[in-house]
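Residue-level structural notes
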Amino acid sequence: MSSPKVLFGFHAVGVRLKTAPKSIVEIYYEPTRRDARMRQFLERVAEAGVRVIEADGMRLAKLAGSHGHQGVAARVHELKQVHSLDELLENLEAANAELPPEQRTQPLILVLDGVTDPHNLGACLRVADGAGAHCVIAPKDHAAGINATVAKVASGAAETVPYFMVTNLARTLNELKERNIWIIGTSDQAPSNLYQADLKGPVALVLGAEGDGMRQLTAKTCDQLVSIPMQGAVESLNVSVASGVCLYEALRQRTVAAPAFSKPGV
């Protein structure tokens, strides 16, 4: 097994306790916290037979690297995940090949260009998990990596959603195109809006950092640019909120009978 890492917060530790309790080395908790949430949590820990250790707030903060631990932290082994984007897509293609067309799952990918704040990344992973996205992609440079803060904010989604950091984002987007995945980027200046786009087929949704947006090369690589309609005074949304709007529109189109759209030039 890999060297243990740390998760903290009720959501992050609770999801691991639910999905892979045997991967937990030990759980630390603050004994001065005796509310119902802590009692219920410790009952679940006891049922799973995981070792528990009492720890004061200072020790928990040092272990977690954050004061937002909620009185709970855990040392855990990494879960086995797919190691590359190619492996994930090939596994999906293989699974689809055994299903009739109407039951096949179309790839849904979230691409983040320049999101450096770990809280934003954690929130994006959480919404990606909720909407059923297959993975999140980001460039190795100018992007946040997975750390304890990301895992805490993601509420367990850092464990369930593969996060691939790639050397060359534009090249990766072109490789997705070769797999017939339609690349849709978001831009305030786009000629059409999100609700006019066809998100039912294989899609990668590309969002840039709040304020700066996507880099120019990333935007040029997209097959289509769309805007998110803004009706009020603010000019833009936080990237995690924008990710939720886009991913859930894709989910809506895939699960609800919707008017037929067509891709430009098709």
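For the structure, check the block above.
Read on for a plain summary of the structure. (Residues numbered from 1 in each chain as written. Predicted model: local features only at pLDDT ≥ 70, side-chain atom pairs only at ≥ 80, totals over all residues. Heavy atoms only, no water.)

1. Side note on the pairing of strand β6 (residues 135–139)
Of all the 5 residues making up β6, 5 are buried; the element is thus mostly covered by neighbouring parts of the structure. The side-chain alternation of β6 yields two buried faces, one formed by Cys135, Ile137 and Pro139 and the other by Val136 and Ala138. Bridge count between strand β5 (residues 108–113) and β6: 3 bridges; the pairing is parallel. Note that in β6 the partner of Ile109 across the bridge is Cys135. Each parallel crossover has a hand, and the one from β5 via helix α5 (residues 118–131) to β6 is right-handed. Both β6 and strand β7 (residues 163–166) contribute to a ladder of 4 bridges, which runs parallel. Opposite Ile137, over in β7, you have Phe164 as the bridge partner. (Buried < 20%, exposed > 50% of the residue type's maximum accessible area, 1.4 Å probe, protein only. Helix = DSSP H or I, 4+ residues; strand = E, 2+ residues; numbered from the N terminus. Pairing = 2+ DSSP bridges. Right-handed = clockwise from strand over helix to strand, strands pointing away.)

2. Some words on the pattern of salt bridges
A full pass over the atoms with the stated rule returns 11 salt bridges. In this structure, Asp113 and Arg215 form a salt bridge, with 2.9 Å as the shortest nitrogen-oxygen distance. Here Arg215 lies in the loop between β10 (203–208) and α9 (216–221) and Asp113 lies in strand β5, a separation of 102 residues in the sequence. The exposure class assigned to Asp113 is buried, which follows from its relative accessible area of 2%. The partly exposed category is assigned to Arg215, whose relative accessible area is 40%. Where Lys177 meets Asp223, a salt bridge forms, and the shortest distance between an N and an O atom there is 3.5 Å. Separated by 46 residues along the polypeptide, Lys177 in helix α8 (residues 169–178) and Asp223 in the loop between α9 and β11 (224–227) bring together distant segments of the chain. (Salt bridge = Lys/Arg side-chain N within 4 Å of Asp/Glu carboxyl O.)

3. A short note on the packing of α5 against helix α10 (residues 239–255)
Two elements in contact, α5 and α10, have axes whose closest approach is 9 Å; the angle formed by their N-to-C orientations is 10°. Taken together, the axes of α5 and α10 lie roughly parallel to each other. Taken together, the residues of α10 that come into contact with α5 (itself represented by Asn120, Ala123, Cys124, Val127, Ala128, Gly130 and Ala131) are Val239, Ser240, Ser243, Gly244, Leu247, Tyr248 and Leu251. Grouping the constituent residues of the contact of α5 with α10 by class yields 9 nonpolar, 5 polar and no charged. (Axes fitted to C-alpha atoms, helices over the stretch in contact; angles between N-to-C directions. Parallel < 35°, antiparallel > 145°, perpendicular 65-115°, else oblique. Contact = heavy atoms within 4.5 Å. Nonpolar A, V, L, I, M, F, W, Y, C, P; charged D, E, K, R; others polar.)

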